[in-house]
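# Architecture at a glance
Spelled out, the chains give:
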2 protein chains.
Amino acid sequence: MKYPVFFISDSTAITTETVGLSLLAQFPGLEFNKYTLPFIDTPLKAQQTYELINQKSEQYGQKALIFSSMVQPELCQIIRQADALVLDLFEHYLTELEQFFHQTSTHAIGLARKPMAEESYNQRIAAVDFSMLSDDGTNLKHYKKADVILVGVSRSGKTPTCLYLALQYGIRAANYPLVAEDFLDTSLPHALKDYQDKLIGLTIDPGRLHAIRKERRSTRAYADPALCRQEVRYANQLFQRYNIPSLDTTHRSIEELSARIIALKGFKQNND
Amino acid sequence: MKYPVFFISDSTAITTETVGLSLLAQFPGLEFNKYTLPFIDTPLKAQQTYELINQKSEQYGQKALIFSSMVQPELCQIIRQADALVLDLFEHYLTELEQFFHQTSTHAIGLARKPMAEESYNQRIAAVDFSMLSDDGTNLKHYKKADVILVGVSRSGKTPTCLYLALQYGIRAANYPLVAEDFLDTSLPHALKDYQDKLIGLTIDPGRLHAIRKERRSTRAYADPALCRQEVRYANQLFQRYNIPSLDTTHRSIEELSARIIALKGFKQNND
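Residues numbered from 1 in each chain as written. Chains lettered and ligands numbered in written order. Predicted model: local features only at pLDDT ≥ 70, side-chain atom pairs only at ≥ 80, totals over all residues. Heavy atoms only, no water.

### What about the domain arrangement of chain A?
When cut into domains, chain A gives domain 1 (2–101) and domain 2 (115–264). Taking only C-alpha atoms into account, the centre of domain 1 of chain A sits 38 Å from that of domain 2 of chain A. (Domains from an automatic or database assignment.)

### A word on the environment of Glu98 of chain A
As for its position among the elements, Glu98 of chain A is in helix H4 (residues 89–101). Discounting chain neighbours no more than four positions away, the residues touching Glu98 of chain A are Gln103, Thr104, Ser105 and His107 of chain A together with Phe27 of chain B. (Helix = DSSP H or I, 4+ residues; strand = E, 2+ residues; numbered from the N terminus. Contact = heavy atoms within 4.5 Å.)

### Digging into the pairing of strand E7 (residues 199–203) of chain B
Residue and element names in this part refer to chain B. Extensive coverage of E7 is indicated by the burial of 5 of its 5 residues. Neither face of E7 is left uncovered, since the one carrying Leu199, Gly201 and Thr203 and the one carrying Ile200 and Leu202 both have all their residues buried. When E7 meets strand E8 (residues 246–248), the two strands line up parallel, connected through 3 bridges. Residue pairing in the sheet places Leu202 in a bridge with Leu247 of E8. (Buried < 20%, exposed > 50% of the residue type's maximum accessible area, 1.4 Å probe, protein only. Pairing = 2+ DSSP bridges.)

### Some points on helix H10 (residues 254–265) of chain B
What sets the pattern is the α-helix's 3.6 residues per turn: residues three or four places apart point alike. Its 12 residues place the ends of H10 of chain B 16 Å apart at the C-alpha level, agreeing with the 16 Å of an ideal helix rising 1.5 Å per residue. Turning to H10 of chain B, its buried residues number three or more, namely Ile254, Glu255, Glu256, Leu257, Ser258, Ala259, Ile261 and Ile262 of chain B. (Expected span 1.5 Å × (residues − 1).)

### A word on the interface of chain B and chain A
Across the boundary between the two partners, chain B contributes 82 residues, which contact 82 residues of chain A. Summing both partners gives a buried area of about 7800 Å² for chain B against chain A, and 64% of it is carried by carbon and sulfur. When residues of chain B are sorted by the area they lose upon contact with chain A, Gln26, Phe27 and Tyr93 of chain B head the list and together hold 10% of the total. Our count for the chain B to chain A interface comes out at 4 salt bridges. With a shortest N-O distance of 2.6 Å, Glu255 of chain A and Arg124 of chain B are connected by a salt bridge. (Buried area = accessible area lost by both parts, 1.4 Å probe. Salt bridge = Lys/Arg side-chain N within 4 Å of Asp/Glu carboxyl O.)

### Description of the pattern of salt bridges
In the structure shown here, the tally under the stated rule is 14 salt bridges over all chains. Salt bridges linked by common partners bring Arg252, Glu256 and Arg260 of chain A together as one network.

### What to know about the side chain of Arg124 of chain B
Within the fold, Arg124 of chain B resides in helix H5 (residues 118–133). Within the local environment of Arg124 of chain B, its side chain forms a polar contact with the side chain of Glu255 of chain A, the two groups lying 2.6 Å apart. (Polar contact = N/O pair within 3.5 Å; in protein donor to acceptor, adjacent residues only side chain to side chain.)

### Some points on helix H3 (residues 73–80) of chain A
Residue and element names in this part refer to chain A. Of all the positions in H3, only Leu75, Cys76, Ile78 and Ile79 are classed as buried. Projected down its long axis, H3 carries its buried residues within an arc of 155 degrees, all on one side. Turning to H3, the residues buried within the fold contact strand E1 (2–9), helix H2 (43–60), strand E3 (64–69) and strand E4 (84–88). (Arc of directions from axis to C-beta.)

### Focus: the UniProt feature "binding site: ADP" (unreviewed entry) in chain A
The UniProt record annotates "binding site: ADP" (unreviewed entry) at Gly152, Val153, Ser154, Arg155, Ser156, Gly157, Lys158 and Thr159 of chain A. Residue placement: Arg155 of chain A occurs in the loop between strand E5 (148–153) and helix H6 (158–169). Each residue touching Arg155 of chain A, except ones within four places of it in the same chain, is listed here: Ile204, Leu209, Ile212, Arg213, Arg216 and Tyr222 of chain A together with Ile125 and Asp129 of chain B. Turning to its location among the elements, Gly157 of chain A is positioned in the loop between E5 and H6. A relative accessible area of 23% means that Gly157 of chain A is categorised as partly exposed. (UniProt positions renumbered as here; feature names shortened; annotations may be inferred.)

### Some thoughts on the packing of aromatic side chains
Using the criterion set out here, one finds 23 aromatic pairs over all chains in the structure. Between Phe6 of chain A and Tyr35 of chain A the ring centres are 5.1 Å apart and the planes differ by 20 degrees, which places this aromatic pair in the stacked class. One end of the pair, Phe6 of chain A, is in strand E1; the other, Tyr35 of chain A, is in strand E2 (residues 31–37), and 29 residues separate them in sequence. On the basis of relative accessible area, Phe6 of chain A is assigned to the buried category, the value being 0%. Where Tyr143 of chain B meets Tyr195 of chain B, the ring centres are 6.0 Å apart and the plane angle is 85 degrees; that geometry is what we call edge-to-face. Placement of the pair is Tyr143 of chain B in the loop between H5 and strand E5 (148–153) and Tyr195 of chain B in the loop between strand E6 (173–178) and E7, with a sequence separation of 52 residues. Each of the two residues, Tyr143 of chain B as well as Tyr195 of chain B, counts as buried. Every member of this aromatic cluster is reached through a ring pair, and the members are Tyr3, Phe27 and Phe32 of chain A together with Phe100 and Phe101 of chain B. (Phe/Tyr/Trp six-rings, centres within 6.5 Å; stacked < 30°, edge-to-face > 60°.)

### Some points on the confidence of the model for chain A
All names here are of chain A. Mean pLDDT for chain A: 89, with 94% of residues reaching 70 or above. Mean pLDDT across the elements of chain A bottoms out in helix H8 (residues 220–223) (84) and peaks in strand E7 (residues 199–203) (98). Every residue in residues 112–116 is under pLDDT 50, and counting partners more than four places away or in other chains gives 11 contacts. Note on the complex model: pTM 0.86, ipTM 0.84. (pLDDT = per-residue confidence, 0-100.)

### Brief notes about the packing of H4 of chain A against helix H1 (residues 14–24) of chain B
Between H4 of chain A and H1 of chain B, the least distance of the axes is 10 Å, while the angle of their chain directions is 60 degrees. By the angle class used here, H4 of chain A and H1 of chain B are oblique. Classified by chirality, the crossing of H1 of chain B by H4 of chain A is right-handed. Of the residues in H1 of chain B, those in contact with Leu89, Phe90, Tyr93, Leu94, Leu97 and Phe101 of chain A of H4 of chain A are Val19, Ser22, Leu23 and Leu24 of chain B. The residue makeup of the contact of H4 of chain A with H1 of chain B, split by class, is 9 nonpolar, 1 polar and no charged. (Axes fitted to C-alpha atoms, helices over the stretch in contact; angles between N-to-C directions. Parallel < 35°, antiparallel > 145°, perpendicular 65-115°, else oblique. Left-handed = near helix turned anticlockwise from the far one by under 90°. Nonpolar A, V, L, I, M, F, W, Y, C, P; charged D, E, K, R; others polar.)

### Brief notes about the relation of the copies chain B and chain A
It takes a turn of 180 degrees to lay chain B on chain A, together with a shift of 0.0 Å along the axis; the resulting RMSD is 0.0 Å. Overall, the copies show the geometry of a two-fold rotation axis. Of the interface residues in chain B, 100% have counterparts in chain A that sit at the interface too, so the contact is made through matching surfaces. (Least-squares fit on C-alpha atoms with pLDDT ≥ 70 in both.)

Right, here's the structure in full:
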C-alpha cells in the first residue's frame, strides 16, 4: 500500500518538498510515491494538477496527500477540490503571522527568496567561484581569503561540503587534502601553518573510506584497507596535536556537516 | 522597529529557516533580526535558547517570533515558555498527518533527511564529482554520461547551476562555455553535436553580463559592453537555430533555474 504524495508550488517547490519530506520521515513504516510539481502558477496548470491528483488517487486506491505552498488563494482553491488531504504552508502560518503583525501579507509569488538581497546572492556566487578555484589544495595563495579550510584525507567529504557552504551560505570554503607526504613528519603541513584558526578537520570511519575509495577508483593501493586505517589515524593525530576541531563525516549528510561547521566557527549568517 | 526572529531546531535548522524566510518574505514592509540556532537537542541548550529569546525580546521591546522544528516535545515545551509567538512545523502538521495515517509519528531526531536513501546520497556525491570534472568545457568525453549540458557565454550562471543540480538532486550536469571561436561560424560547436537532446541554453541581459564581468576581472575587453551584447546575441541565435530550450538567468536564482531545468528536461526525481 502506497500513498500518492504531491509537492505543489507556484514557485520552485523546493521549500514545500523539503518540509514535506521532513514530516513524512516521521512515519518510517509507510510507503509513498512522490510527485513534485513546481511552477503551478496559472488556473490551467492548477486544473491539470487537480486532475492528476484525482487520477493517482484512484489508481492507488488511496486518498492523496498534498503539501503545497501557493500564494494565490484562487489557485489553491482549485487544488483543494481534489480528493486529498491538503497541508498548505501558507494558509496556516500566514494566518497566524498576519494576526501577529496586525497586517495582511502580500500573497505575491516568487517572494520566497527575496529576503536574500542581491548582495548576498552575489556573495554566494563569488563563494562558489572561490571554492572551485581552491578545491583540492590548489591555489594555496587563496587561503588568506578563505573563511574556513577543511582538512582531511582523500574522499572524506571535503569538496561537496565546501560547495554546499558556498552555494547555500556564501561562505568561502577551501579544502586541503592530506596525502602521504603530509604524514612523513608530525608537524602541520606547511601550507596550513599561517591559518590554524581557519582549519576544521574531517574524519571518517576507515571501513567506510575503503568502501568509497573502492567504488571511486580501480587502483588497489588507493582503497587498501590498511592504508585507509593508517591515513585516518594520522589525520586524527594531527587534528588532536594542533587542536583542530574535527567532525566525523561517516554518518552525516552534507547539510548537517555544513550546519555544524557554521556552528563551530560561529559564522554570523545573520544580523544583530 | 525590528522583530527578533529565531529559527530553532534540534537538527540542522535548514528546513526551518527556509520555511520561515519564505513566510516572512510575504511581509516586505517589516524588518527582522534573525537568529538561526541549530542542534538545540538537550534540555540545557533549550533552556539557554529560552533565555536568549527573552533577552532579545526585551532588548528589542518586541515580542519574538520563533520558527521551530523540534521533534522532542519536552524541548519544545521549554522554548514555548518564552515570551514569543511560536510556529512549530512539527506540531501543527504532524498532528494532521497522524490523524490522516491513523498512527503516531516516531518523534525521532535527525530523521529529516532519511527519506533520502544512502543510494541517492551517493548519487549526489557522484554528481558533484562529475560536475567538478566537467566544468567549463573540460573533459568533453564525459558528455555522454551527462544528464544535461548547460550552454552559455562566460558568466551566464552555468557553474553554480550545475553544482546546485548535482548537490541537491544528484543530476550530472556538465557545462559548455561559448567563446569567440564558437561564433566564427553559425553551426553548433563540434563538441555538442552528438548531444543536442541534452542541451539547455542559458542567456542573460547584456547589461547585467557587463556588470558581472566588470566585477570579476579587470581586463577591459572581457567586460566590454559591445562584446557582451554581441556574445549574447550570437548565443541566442544559436539556441534558436538548433531549437535549444533556453532560460534567462538575469533575474533568476540558482534554485529557480535548477527547478526550471528539471521541469524542462522532465527528470524523474521521483518514483511512479
